Amino acid sequence: MAAAERVIVIGAGIGGLAAAAALRMRGARVTVLERAPSLEPVGAAISLSPNALRALDVIGLGDDIRALSAWQGDGGLRAPSGRWLARTEAAAAAERFGGPLVILHRATLVDHLAGRLPSDAVRTGTPARLTDPGVPGDPRRPARVETPDGELEADLVVAADGLRSAVRGTLFPGHPGTVHSGFTTWRVVVPLPGVAFPSHETWGRGAIWGTHPLRDGRVYAYAAAVAPAGEKAPDDERAELLRRYGDWHSPIPEVLAAVRTEAVLRHDVHHIAEPLPAFHRGRVVLVGDAAHAMPPTLGQGGNQAVEDAITLAFPRPGMPSSADEPVADTLPGYTAVRLPRTTAVTRRAVRAARLNVLTTGRVGTAVRNSALAALSKAAPSLLLRGFDGVADWRPPGGPSGADGDDSGAPRMLAADHGRRGPEENTP
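Residues numbered from 1 in each chain as written. Predicted model: local features only at pLDDT ≥ 70, side-chain atom pairs only at ≥ 80, totals over all residues. Heavy atoms only, no water.

Draft legend 1. Up close: helix 1 (residues 14-26). Compared with an ideal rise of 1.5 Å per residue, which puts 13 residues at 18 Å, helix 1 spans 18 Å between its outermost C-alpha atoms and is within 8% of the ideal. With eleven of its 13 residues buried, helix 1 lies for the most part within the structure. Taken residue by residue, helix 1 has Ile-14, Gly-15, Gly-16, Leu-17, Ala-18, Ala-19, Ala-20, Ala-21, Ala-22, Leu-23 and Arg-26 as its buried positions. Gly-27 lies just past helix 1 and shows a positive phi near 120°. (Helix = DSSP H or I, 4+ residues; strand = E, 2+ residues; numbered from the N terminus. Expected span 1.5 Å × (residues − 1). Buried < 20%, exposed > 50% of the residue type's maximum accessible area, 1.4 Å probe, protein only.)

Here is the structure:
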């Protein structure tokens, strides 16, 4: 860039911080505006699959995150009784997709991303409102953002303001927004010393449960169940989990015995069913849930946000760390590659939800589980195939000159097979 672009990022979640770090590496002057009083993320843990880890390689964080992988054994799908429906091998997953899957606490990832920014780049306790999207190429029409401290001008605004994005509503007021996905989720992180178990996800009738170890010795567990929007437990959410999952296989009862009531997070799931007409307007671009909120059934929400961030900052193969072309001028290309990919991933996540969470009938559940068990024996790579075209994505460019595309087509380079580091695979 001939002169450092002024970039405002609205929202300091994973997508916003990843975009800020990548754009700063490109040479931009970045300010991140976060409504919350601190960067302590709301949430428990996140799974980063090889596609997101390769994106983080572009900003030099990939190996740091891979080193946080905890589970190095195998995993799979189970029934509530504990019967294995399908098994996966960590080594096979790493070979197929060019690297491991890493589960870590969201706060850890946020800390790593924020560490790539100057201490004064992130302003917490600062709500922001887009007042003018601006016009690319016209120096008289920068984007404008209103804050409690006054109005700010920017060459580029990155809207990473989440599921209920106010910026999305401003850019596309006629879009219907998000819809309820038909289920709710619970998440916990608890210490569970002395309890050994293989990483797994368990599928029941209209409900699933997942249990995965973290690097620090704690356990990340999540649950999802069919429920109307806005429903809450009549007493508390820990009691609700006990009612729904208390008689499922070990270590689920042990997790529930260890968790504190106040540590249980519950959120209804919503997604964008009707894709936006574009991910940009003027000098403003949407990333993450603001652009393409999706159900968590593929574990790709945060991963796609990281892909967005790196593609935004480095849209072409071999792009150097500083470029003359303003990022605001490349936004049509960003929409052209990111909108079809994230739409396809969202649709796959919706289909996955219909199979695992939203299957509620006794007969349908039995047929599904029997089919999974039979197919897994006949084709051991069945579960892995579901991530073809997702986990094998490569970033289009970056300061290292990494080659790739954003089509989602399966691609693997021999160099990835030699990557060292802990391996983890979870279903």
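Draft legend 2. Geometry of the sheet that holds strand 1 (residues 6-10). Here six strands make up an open sheet; going across it, the order is 7-2-1-11-18-17 and the pairing mixed. Among the strands making up the open sheet, the edge pair consists of strand 7 (122-123) and strand 17 (280-281). In terms of strand pairing, strand 1 meets strand 2 (residues 29-33) through five bridges, oriented parallel. Within strand 2, the position partnered with Arg-6 by the bridge is Arg-29. Sitting on the sheet, helix 1 is in contact with strand 1, strand 2, strand 7 and strand 11 (156-159), with an inclination near 170° to strand 2. (Pairing = 2+ DSSP bridges. Contact = heavy atoms within 4.5 Å. Axes fitted to C-alpha atoms, helices over the stretch in contact; angles between N-to-C directions.)

Draft legend 3. Quick look at the pairing of strand 13 (residues 199-203). Of all five residues making up strand 13, five are buried, and the element is well covered by its neighbours. Along strand 13, one buried face is formed by Ser-199, Glu-201 and Trp-203 and the opposite face, lined by His-200 and Thr-202, is buried too. Linking strand 13 to strand 14 (residues 207-213), which pair antiparallel, is a turn of three residues; within it Gly-206 sits at a positive phi near 65°.

Draft legend 4. The arrangement of the sheet that holds strand 4 (residues 75-78) in detail. Judged by pairing direction, the sheet is mixed, and its seven strands sit side by side in the order 5-4-13-14-15-12-16 without closing on themselves. With partners counted over all chains shown, the strands left at the sheet margins are strand 5 (84-88) and strand 16 (265-271), one partner each. Put simply, the sheet's adjacent strands are angled 20° from each other on average, direction ignored. Relative to the sheet, helix 7 (residues 237-245) contacts strand 12 (179-191), strand 14, strand 15 (218-226) and strand 16, its axis offset from that of strand 15 by approximately 75°. Packed onto the sheet, helix 11 (residues 331-356) meets strand 12, strand 13, strand 14 and strand 16 and runs at close to 70° relative to strand 13.

Draft legend 5. Representation of the confidence of the model for the chain in the model. Residues at a pLDDT of 70 or more form 90% of the chain, whose mean pLDDT is 89. Confidence drops under a pLDDT of 50 for residues 400-427, and excluding neighbours within four residues, the segment shows 92 contacts in the predicted structure. (pLDDT = per-residue confidence, 0-100.)

Draft legend 6. Up close: unusual backbone geometry. With an omega of 15°, the peptide bond between Ser-250 and Pro-251 qualifies as cis. Positionally, Pro-251 belongs in the loop between helix 7 and helix 8 (252-258).

Draft legend 7. Local environment of the nonpolar core. Ranked by internal contacts, the top residues of the largest apolar core, which has 69 residues, are Leu-23 and Val-158. The element best represented in this core is helix 1, accounting for eight residues. In this structure Leu-23 touches Val-7, Ala-28, Val-30, Leu-156, Val-158, Leu-312, Ala-313 and Val-327, once residues within four positions along its chain are discounted. Among the nonpolar cores identified, the runner-up in size contains 20 residues, and Trp-209, Ala-223, Ala-225 and Leu-256 belong to it. (Core = buried A, V, L, I, M, F, W, Y, C linked by side-chain atoms within 4.5 Å.)

Draft legend 8. Fine view of the side chain of Arg-168. Mapped onto the elements, Arg-168 comes out in helix 6 (residues 166-171). For Arg-168, which is buried and forms no salt bridge, the nearest opposite charge comes from Asp-161, at a distance of 6.8 Å. Separated by 3.0 Å, the side chain of Arg-168 and the backbone oxygen of Ala-290 make a polar contact. If we skip the residues at most four places from it in the chain, Arg-168 touches Gly-162, Leu-163, Thr-178, Ile-272, Leu-276, Leu-286, Asp-289 and Ala-290. (Lys, Arg positive; Asp, Glu negative; His and termini not counted. Salt bridge = Lys/Arg side-chain N within 4 Å of Asp/Glu carboxyl O. Polar contact = N/O pair within 3.5 Å; in protein donor to acceptor, adjacent residues only side chain to side chain.)

Draft legend 9. Main features of the packing of helix 2 (residues 50-58) against helix 10 (residues 301-313). At a minimum axis distance of 9 Å, the contact between helix 2 and helix 10 shows a crossing angle of 30°. Classed by the angle they form, the pair helix 2 and helix 10 counts as roughly parallel. Crossing handedness for the pair helix 2 and helix 10: left-handed. Seen from helix 2, the contacting residues are Asn-51, Ala-52, Ala-55, Leu-56 and Val-58; seen from helix 10, they are Asn-303, Gln-304, Val-306, Glu-307 and Ile-310. Tallied by class, the residues present in the contact of helix 2 with helix 10 amount to six nonpolar, three polar and one charged. (Parallel < 35°, antiparallel > 145°, perpendicular 65-115°, else oblique. Left-handed = near helix turned anticlockwise from the far one by under 90°. Nonpolar A, V, L, I, M, F, W, Y, C, P; charged D, E, K, R; others polar.)

Draft legend 10. Here's a closer look at the pattern of salt bridges. Enumeration over the complete set of coordinates arrives at 22 salt bridges. The salt bridge involving Arg-96 is made with Asp-388; its shortest N-O contact spans 2.9 Å. On the criterion of sequence distance, the pair formed by Arg-96 in helix 4 (residues 90-97) and Asp-388 in the loop between helix 13 (382-385) and helix 14 (414-417) is long-range, its members being 292 residues apart. On the accessibility criterion, Arg-96 (26% relative accessible area) is partly exposed. A salt bridge links Glu-237 to Arg-266; its shortest N-O distance comes to 3.0 Å.

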